[in-house]
Amino acid sequence: MSSTSTLLQGGIALVHDTNDHVVPTKTSILIENGKIAKIAQNIAAPEGTVIIDCTDKIISPGFIDTHHHGWQTQLKGRHANEQLLEYMVTGNSQHYQYSSEDVFYGQLAGMLEGIAAGTTTVVDHAHITVSPDHVRLAIAATASSGIRSVFCYTPMMRVKQFNLLGYHSNIFEDWVMQTFNEIADHGPFGTGRVTLGFAFDSFFLPAEMIKDIFAQVKAKGVKTITCHGSVILGKSVVQNLASLDLLDESIIISHGGTLKKADAELVKAAGAFISSTPSTELQMAMGRPYCFDASFQDGGVSGDSVGFQDNGSLGVDCHSCTAGSIISEAKLGLQNARNHFNEFHMKQGKIPRTLPQNLRVESAFNLATIKGAEAANLSHEIGRIAEGYDADLVIFDSFSPSMVGAAQHDPVAAIILHSSPADIDTVIVGGVVRKRDFKLLPVPLEGCAKKTAGQDVLGWNSIANEVVTSREKMQKEIDKIDFKEAKGTLIKLFHIDESKFVNV
Ligand SMILES: [Zn+2]
């Protein structure tokens, strides 16, 4: 929390009206004690206020990423031409290479990449629960980065060895829920910015066991639980949750573009949310991103799929596969949805006269802001610029080479279609400036992070150097892996019907 007040003077703020339309408003914004204290044209700044001149700047609500694996920085670049099964070996399973210190630097760099790109809140599906120390340092890195996070603790299948690929047999060894409970009792972290959520993908376990785990988690006050949209035991994740009576407003389901109409009805009735991650979904045969209803006029791949726009939000998923920018996911998802809408009509020899309301840039912007806040059960705190809300704000330079012209005509279009992280001058989370003059600020370390880093503050260059060193160390081990064997083992483990593979 900031002890001083900050005045954002004279910018164009993107303020949502009562119908959730964005109204670009010339105004100043006073931030006090981490909150938006006042929005008005002329504000007399209290003594000692830090003034940020926002002339020719656009002030946006911070962006909200509802599905991200924050630890994967050292794996960036290697999945460029991979499908999901390949990634499961070269990416997901490489948690095996990470020491707790590797997790610290991977997580810290991953969260800072998000901040640099305007993400102020992340729902982290943190499947890096290799040991209690891995989790503690992942949380310390998240808290130190300055981002707001729902850190979803993830009991997971841990790799025991490669060549031959094998896993630890028990996902819920005693330490797993003991560590969860300890962390829950110690949190929240980062002066309240980092709260504990939970992630669960083990629907093959006995029903009573799953119910008991969810009960333990909720007893600790967890409000957000996230699950991947996989099919387990022949049932969609929605059906699995519903049959256990666990589908409620706490749930965020990531991916699953093949979910059926019946699933959608269950999700909507429960007030649950989905997180679309267009980059990875489009690349890795995970179905159509389902956050835009109008892209499902043909019923999707199964002919029985639907969009979830009212209950939709956006995620980056793996910054090892794609840029950690929720704005770029919004743009990709929107243009992909527009393509499906247009193609549906063109196939019938028709010409769409215009784009429907729910495929406008404002819809993409809202998925990345107010809808993300709803998904994370934080819609009364974040996602919009309003008095009393947390001061999570992103300031764009409307005179940058990519934004000038567009920013003056339609700031929302400028952000969604024209901007990149390079256009983001300043990022503020909970009233604290984390990026300024287009550069990430040095990071004061929190908790056990200080001991790991051996210092109290880290600048970006030091963090990048640590990532490079850590990556090189891991790569030496990764080079020894028999990937063909590992893929074969996963095919058996997941009961994948090999006759369905397409050779290219
Ligand atoms: Zn994921």
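Provided above is the structure to which this section pertains.
Since we're looking at a predicted model, the values are computed, not measured.

A. Up close: the packing of helix 2 (residues 100–116) against helix 15 (residues 460–478). For the pair helix 2 and helix 15, interaxial distance at closest approach is 9 Å and the crossing angle is 130°. If you check the angle between helix 2 and helix 15, you find them oblique. Crossing of helix 2 against helix 15: the hand is left-handed. For the pair formed by helix 2 and helix 15, the contact residues are Asp102, Tyr105, Leu108, Ala109 and Leu112 on the first element and Trp460, Ile463, Glu466, Val467, Ser470, Lys473 and Met474 on the second. Here the residues of the contact of helix 2 with helix 15 are counted per class, giving eight nonpolar, one polar and three charged.

B. Seen up close, the coordination of the zinc ion. Surrounding the zinc ion are the protein donor atoms His67 (NE2), His69 (NE2), His228 (NE2) and Asp317 (OD), which sit 2.1 to 2.5 Å from the metal. Taken together, the four donor atoms coordinating the zinc ion span angles of 83 to 175° at the metal, a pattern that classifies the geometry as irregular. For the zinc ion, the single-chain donor residues occur in sequence as H-x1-H-x158-H-x88-D. Residue His69 is found in the loop between strand 6 (63–68) and helix 1 (84–90), and its partner His228 is found in strand 12 (residues 225–228); the two are separated by 159 residues along the sequence. Here His69 falls in the buried class, since its relative accessible area comes to 1%.

C. Molecular detail of the sheet that holds strand 13 (residues 251–254). The sheet built from eight strands is open, its strands ordered 6-7-8-11-12-13-14-15 with parallel pairing. Edge strands, defined here as strands with exactly one partner in the open sheet, are strand 6 and strand 15 (312–314). For this sheet, the mean angle separating the axes of adjacent strands, direction not counted, is 25°. Two elements, strand 6 and strand 7 (residues 119–126), share four bridges in a ladder whose sense is parallel. Note on strand 7: the bridge partner recorded for Phe63 is Thr119. Against the sheet, helix 3 (residues 132–145) touches strand 8 (148–153) and strand 11 (194–199), its axis set at about 170° to strand 8.

Analysis parameters
- Per chain, residue numbering runs from 1 following the sequence as it is written.
- Totals for whole chains, interfaces and linings use every residue, but because this is a predicted model, local features are given only for residues with pLDDT of at least 70 and side-chain atom pairs only at 80 or more, for both listing and counting.
- Values shown for side chains rest on all heavy atoms present in the structure; no hydrogens or waters enter the calculation.
- With axes taken as lines fitted to C-alpha atoms, and helix axes fitted only over the stretch in contact, angles between N-to-C directions fall between 0 and 180 degrees.
- What counts as a helix is a DSSP run of H or I of at least four residues, what counts as a strand is a run of E of at least two, and both are numbered from the N terminus.
- Each angle gets one of four labels, with under 35 degrees taken as roughly parallel, over 145 as roughly antiparallel, 65 to 115 as roughly perpendicular, and the rest as oblique.
- It is the rotation of the near helix from the far one that decides the hand of a crossing: anticlockwise by less than a right angle makes it left-handed, clockwise makes it right-handed.
- Contacts are residue-level and defined by heavy atoms, with any inter-residue pair within 4.5 Å sufficient.
- Under the scheme applied here, ten amino acids are nonpolar (Ala, Val, Leu, Ile, Met, Phe, Trp, Tyr, Cys and Pro), four are charged (Asp, Glu, Lys and Arg), and all others, including Gly, are polar.
- Note on donors: an N, O or S atom is included if it sits within 2.8 Å of the metal, or within 3.2 Å for Na, K and Ca, and water is never included, so sites can look incomplete.
- Working rule for geometry: tetrahedral if four donors all subtend angles between 85 and 135 degrees; square planar for four, octahedral for six, if opposite donors exceed 155 degrees and the others stay between 65 and 115; irregular in every other situation.
- Working definition: with a 1.4 Å probe on protein chains only, accessible area under 20% of the residue-type maximum means buried, over 50% means exposed, and in between means partly exposed.
- Strand pairing follows a simple DSSP-based rule, namely that at least 2 bridges must link the two strands.

Taken by themselves, the reported measurements are silent on function.
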